[in-house]
Amino acid sequence: MAFVPGQPVTAIVQRIEIHKLRQGDNLILGFSIGGGIDQDPTQNPFSEDKTDKGIYVTRVTEGGPAEVAGLQIGDKIMQVNGWDMTMVTHDQARKRLTKRNEEVVRLLVTRQSLQKAVQQSMMS
């Protein structure tokens, strides 16, 4: 998925709905993120061209809400509850994901395997 500044981004996305797990006063998602427009994209192990400043899933807790919902390490988060996540800082992404009044988080994600499956189906 190459990104050209000023051009629309085309991506094959998957919807994932995570029901947060309540632990005391906390609501747990069960995953960690990396990336953001304020981070060094060359340090992102999931970016193909090392210029992508998107938000990526870096860890998924085994048996946690995110894993149960189907989230995978390396998924790129495109939207959270309808909010665009393609041009946000790391902290903005974290705050959007952990809003206290939201017990359900609806994500649009894209992943390498989705892109490759569509490309292969178009070639056959």
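Just so we're clear, the structure is a prediction, and the values are computed from it rather than from any experiment. (Residues numbered from 1 in each chain as written. Predicted model: local features only at pLDDT ≥ 70, side-chain atom pairs only at ≥ 80, totals over all residues. Heavy atoms only, no water.)

K.L.:
Which residues make up unusual backbone geometry, and what values do they have?
P.N.:
For Asn-81, which is not glycine, the phi torsion reads 50° and is therefore positive. Mapped onto the elements, Asn-81 comes out in the loop between β6 (76-80) and β7 (83-84). Looking at Asn-81, the relative accessible area reads 22%, which means it is partly exposed. (Helix = DSSP H or I, 4+ residues; strand = E, 2+ residues; numbered from the N terminus. Buried < 20%, exposed > 50% of the residue type's maximum accessible area, 1.4 Å probe, protein only.)

K.L.:
Please give an account of the nonpolar core that cites residues and values.
P.N.:
Core analysis: the largest hydrophobic core is formed by 19 residues, its most contacted members being Ile-18, Phe-31, Leu-71, Ile-77, Leu-97 and Leu-107. Elements that contribute at least two residues to this core include exactly β1 (14-19), β4 (31-35), β5 (55-60), β6, α2 (90-97) and β8 (104-110). Contact partners of Leu-107, with chain neighbours within four places excluded, come to Gln-14, Arg-15, Ile-16, Ile-18, Phe-31, Leu-71, Ile-77, Gln-79, Val-80 and Leu-97. (Core = buried A, V, L, I, M, F, W, Y, C linked by side-chain atoms within 4.5 Å. Contact = heavy atoms within 4.5 Å.)

K.L.:
Just give me the short version of the pattern of salt bridges, but keep the residues and values in it.
P.N.:
In this structure the tally under the stated criterion is six salt bridges. Between Lys-76 and Asp-52 there is a salt bridge whose closest N-O contact spans 3.0 Å. Note that Lys-76 is positioned in strand β6 and Asp-52 in the loop between β4 and β5, a separation of 24 residues in sequence. When its relative accessible area of 14% is taken as the criterion, Asp-52 is described as buried. Between Asp-91 and Arg-94 there is a salt bridge, with the nearest N and O atoms lying 2.5 Å from each other. Taken as a pair, Asp-91 and Arg-94 lie in helix α2 at a separation of three residues, close to a single helical turn. Residue class for Arg-94 comes out partly exposed when judged on its relative accessible area of 39%. Three or more residues are tied together by salt bridges with common partners; here these are Asp-91, Arg-94 and Lys-95. (Salt bridge = Lys/Arg side-chain N within 4 Å of Asp/Glu carboxyl O.)

K.L.:
Kindly report on the pairing of β6, identifying the contributing residues and their values.
P.N.:
The buried count for β6 comes to four of five residues, which makes it a mostly enclosed element. As defined by bridge partners, β5 adjoins β6 across two bridges and the pair is classed as antiparallel. Paired with Ile-55 across the strands is Ile-77, a residue of β6. Here β6 pairs with β8 via four bridges, running antiparallel. From the neighbouring strand, Gln-79 faces β8, where its bridge partner is Leu-108. Across two bridges, β6 lies against β7 in antiparallel orientation. The residue bridging Val-80 from the neighbouring strand is Trp-83, located in β7. In this antiparallel pair of consecutive strands, β6 and β7, the connection spans two residues, and Asn-81 shows a positive phi of 50°. (Pairing = 2+ DSSP bridges.)

Such coordinate-based values are descriptive only and should not be taken to indicate function.
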